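Okay, here's what each chain looks like letter by letter:
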Amino acid sequence: MAIEKETHKRAEMTINPSDKDRLIHALPKEAENITLPEKFTFPFNYQPHALCVLAAEELQAYLAQKEEWQEELSLEGNNERVGKMFGVMIVRDSHGQLGYLAAFSGAIAGKNQWPGFVPTLYDRWDPNSFFKIGEQELNAINEEVVQRENDPAFRVAIQEMEALRISGTAQIEAFRQEVKDRKAERRAKRAEAESTLSEEAYSKLLHEASLESQADRKWLKGAIKQEQKRMKIGEEKVEAMRAPILALKEARREKSNAIQQQIFDQYTFLNARGEKKEVREIFGEELPPAGAGDCAGPRLLQYAFAQNLSPIAMAEFWYGPSRRPSSESI
């Protein structure tokens, strides 16, 4: 749900370096006179509650001053990849005090955990995590695949194979045309001989024509087989050099899938009753999409439930160049 871009300055969200683990931010003073919602936000269709708008505006003011993030969030950029989804959640703690949580989707500046924002369920960007280690292994496989595919010998083998295929195909077509031409000549001779030769001579001509036709078919079969054999030599040479590349790609695919499944295993969600459920259990027979659990909304809910906070309202917004040029929302 979009939140309109503010046009006036407000006090920015502050993060005290000495208290960077404090993730419940105080609401602006304007929040004191705002009535709380009767129900928590239905995340798929809603109008942002006034408290969420205040919290989002404060978060946006904070983002505007994060210089090290501007390349990734720049409002002046025109790259479709620039921008990020953020979310805010109004919560009440065990003492009845209201505040708000902030979250972002995925990662910013190569990290998925930053002071002032609720943590992710699994920090895949930790250099010692299985994800980063696996990523390095996948990168090594990618490098070897690229190296083998760009090997001059492999490139030459492919060119030779294509040349043999082109010349062989053309030669086979020429052989077929030659046999077709001789067949046409025999047909013309038979037509002429039928009215000029005796029955015995004509019968002899037909017999000879039949033998020639059989010889032509045999010759064509052998000639085609010979050309195909030449083409096969080129194909087998390329296949022998391509086999380890295909094996590397298959190993890469299997490893990537294994890492993705291992990532899913790290995501166990809580509900309001404190019950746990793994992400694959939530999606049932469907394969969870990549990044499931890394969006702002799930992070906010997970942190609130884990910290025994009562969610009051939530809103998510896109910060960055609008995906729709005519829209003024972020």
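The structure under discussion appears in the preceding block.
Residue numbering note: each chain is counted from 1, following its sequence as written. For this predicted model, a pLDDT threshold of at least 70 governs which residues receive local features, and a threshold of 80 or more governs which side-chain atom pairs are given and counted, while totals over whole chains, interfaces and linings are taken from all residues. Computation of side-chain values covers all heavy atoms of the structure but excludes hydrogens and water.

(A) View of the overall build of the protein. When its secondary structure is counted, the protein shows 7 helices and 5 strands. Partly exposed residues are those whose accessible area sits between 20% and 50% of the maximum for their type, while under 20% is buried and over 50% is exposed, using a 1.4 Å probe and protein chains only. Per-residue burial for the protein yields a buried fraction of 35% across its 330 residues. Whether two residues touch is decided by their heavy atoms; if any such pair falls within 4.5 Å, the residues are in contact. Taking contacts inside the protein between residues at least 6 apart in sequence as the whole, the part at least 24 apart equals 69%. Computed with a 1.4 Å probe, the accessible areas rest on the Shrake-Rupley method; for each residue, only the protein chains presented here act as cover. Counting only carbon and sulfur atoms, one obtains 50% of the accessible surface of the protein, whose full area is about 20800 Å². The secondary structure listing takes helices from DSSP runs of H or I that are at least 4 residues long and strands from runs of E that are at least 2 residues long, numbered from the N terminus.

(B) Examining the side chain of His25 more closely. Tracing the backbone through its elements, the reader meets His25 in the segment before helix H1 (50-64). Within the structure, His25 has its side chain in polar contact with the backbone oxygen of Gly116 (distance 2.8 Å). Polar contacts, as counted here, are pairs of nitrogen or oxygen atoms within 3.5 Å of one another; within protein the pair requires one atom able to donate a hydrogen and one able to accept it, and residues that are adjacent in sequence qualify only if both atoms are side-chain atoms.

(C) Spotlight on the packing of aromatic side chains. Between the rings of Phe, Tyr and Trp (Trp by its six-membered ring), a pair exists once the centres lie within 6.5 Å; its type follows the angle of the planes, with under 30 degrees stacked, over 60 edge-to-face, and the other angles tilted. Counting across every chain of the model gives 12 aromatic pairs. When the centroid spacing of 5.5 Å and the interplanar angle of 75 degrees are considered together, the rings of Phe42 and Phe44 count as edge-to-face. In terms of burial, Phe42 and Phe44 fall into one category: exposed. For the pair Phe104 and Phe117, a centre-to-centre distance of 5.3 Å together with 70 degrees between the ring planes defines the contact as edge-to-face. Placement of Phe104 in strand E2 (residues 98-104) and of Phe117 in the loop between E2 and helix H3 (130-149) is noted, with a sequence separation of 13 residues between them. For the pair Phe104 and Phe117, one class covers both residues: buried.

(D) Main features of the pairing of strand E5 (residues 310-319). With 8 of its 10 residues buried, E5 lies for the most part within the structure. Sheet topology places strand E1 (residues 84-92) next to E5; 9 bridges connect them, and they run antiparallel. Residue pairing in the sheet places Val91 in a bridge with Pro311 of E5. When DSSP finds at least two bridges between two strands, those strands are taken to pair.

(E) How the structure looks around the side chain of Lys132. Relative to the helices and strands, Lys132 resides in helix H3. In this structure Lys132 comes out as buried when scored by relative accessible area, which is 17%. Aside from chain neighbours lying at most four places away, what touches Lys132 is Arg124, Trp125, Asp126 and Pro127.

(F) Focus on the sheet that holds E1. On the basis of which strands lie adjacent, the open sheet formed by 3 strands has the order E2-E1-E5 and antiparallel pairing. Lying at the two open borders of the sheet, with one neighbouring strand each, are E2 and E5. The average angle at which neighbouring strand axes cross in this sheet is 20 degrees, direction not considered. Pairing of E1 with E2, which is carried by 7 bridges, proceeds in the antiparallel orientation. Of the residues in E2, the one forming a bridge with Phe86 is Phe104. Axes here refer to lines fitted to C-alpha atoms; in helices the fit is confined to the stretch in contact. Angles between the N-to-C directions go from 0 to 180 degrees.

(G) How the structure looks around the packing of H3 against helix H5 (residues 199-265). Between H3 and H5, the least distance of the axes is 10 Å, while the angle of their chain directions is 165 degrees. When the axis of H3 is compared with that of H5, the two are roughly antiparallel. Both H3 and H5 take part in a crossing whose hand is left-handed. Of the residues in H5, those in contact with Phe130, Phe131, Gly134, Glu135, Glu137, Leu138, Ile141, Asn142, Glu144, Val145, Arg148 and Glu149 of H3 are Pro244, Ile245, Leu248, Lys249, Arg252, Lys255, Ser256, Ile259, Gln262 and Ile263. Residues that form the contact of H3 with H5 fall into these classes: 10 nonpolar, 4 polar and 8 charged. Angle categories are assigned with fixed cut-offs, so that under 35 degrees is roughly parallel, over 145 is roughly antiparallel, 65 to 115 is roughly perpendicular, and the rest are oblique. Should the near helix be turned anticlockwise from the far one by less than a right angle, the crossing is termed left-handed; should it be turned clockwise, right-handed. The classification used treats Ala, Val, Leu, Ile, Met, Phe, Trp, Tyr, Cys and Pro as nonpolar, Asp, Glu, Lys and Arg as charged, and all other residues, Gly among them, as polar.

(H) Up close: the pattern of salt bridges. The term salt bridge refers to a side-chain nitrogen of Lys or Arg lying within 4 Å of a carboxyl oxygen of Asp or Glu. Under the counting rule described, the total for this entry stands at 17 salt bridges. Note that Lys84 and Glu72 form a salt bridge whose closest N and O atoms lie 4.0 Å from each other. With Lys84 in strand E1 and Glu72 in helix H2 (residues 70-73), the pair connects residues that are 12 residues apart, well separated along the chain. Under the relative-accessibility criterion, Lys84 is labelled buried at 12%. For Lys132, the salt bridge goes to Glu135, with nearest N and O atoms at 2.7 Å.

(I) Looking closely at the pairing of E2. The element E2 is extensively covered by neighbouring structure, given that 6 of its 7 residues are classed as buried. Between E1 and the antiparallel strand that follows it, E2, lie 5 residues; Gly96 among them carries a positive phi value of about 85 degrees.

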